[in-house]
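Observations on the three-dimensional arrangement
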Amino acid sequence: MIGIQVRAEDGHETYCAVRITGPVLTDLVALVVELVPGCDPQSWAPELRMPDRSLIGNEQIWSTLIDPHAAAKLLDTEPES
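Residues numbered from 1 in each chain as written. Predicted model: local features only at pLDDT ≥ 70, side-chain atom pairs only at ≥ 80, totals over all residues. Heavy atoms only, no water.

Structural notes on the environment of H69
Looking at the secondary structure, you find H69 in helix α2 (residues 68-75). For H69 and V29, which are 40 residues apart along the polypeptide, the C-alpha to C-alpha distance reads 24 Å. (Helix = DSSP H or I, 4+ residues; strand = E, 2+ residues; numbered from the N terminus.)

Regarding helix α1 (residues 26-34)
Inspection of α1 places V29, V32 and V33 among the buried residues, and these make up the whole buried set. Projected onto a plane normal to the axis of α1, the buried residues spread over an arc of 90° and lie on a single side. With respect to the buried face of α1, the exposed residues turned more than 90 degrees away are D27 and E34. Packed against the buried residues of α1 are β1 (2-8), β2 (14-21) and β6 (59-65). (Buried < 20%, exposed > 50% of the residue type's maximum accessible area, 1.4 Å probe, protein only. Arc of directions from axis to C-beta. Contact = heavy atoms within 4.5 Å.)

Some points on the nonpolar core
Among the nonpolar cores identified, the biggest contains 12 residues, and these are C16, V18, I20, V29, V32, V33, V36, C39, W44, I66, A70 and A71. Only β2, α1 and α2 provide two or more residues apiece to this core. Setting aside residues no more than four positions away along its own chain, V33 makes contact with W44 and W62. (Core = buried A, V, L, I, M, F, W, Y, C linked by side-chain atoms within 4.5 Å.)

Focus: α2
For α2, every residue scored as buried is listed here: A70, A71 and A72. In this fold, the buried residues of α2 make contact with β1 and β2. The N-terminus of α2 is capped by D67, whose side-chain oxygen sits 3.1 Å from the backbone nitrogen of H69. Phi for D76, located one or two positions after α2, is positive at around 60°. (Polar contact = N/O pair within 3.5 Å; in protein donor to acceptor, adjacent residues only side chain to side chain.)

This is how it looks when you write it as structure tokens:
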């Protein structure tokens, strides 16, 4: 299972997290994060928890900064000015 979360607060950077649950080969992680628009493929880092919870069994979370316009397009919304 793959999920994505985008978070931003007024005046702060916009972050993107990719959550992958299940047995996953390292090559698949690299492919998934490379496909997220508006993110530097080399800047992804593993996380030990989500903002509101710890990891669940067999879950990986990777995060990085995302361009606010790419995030808005990904979420199908308009970025705030």
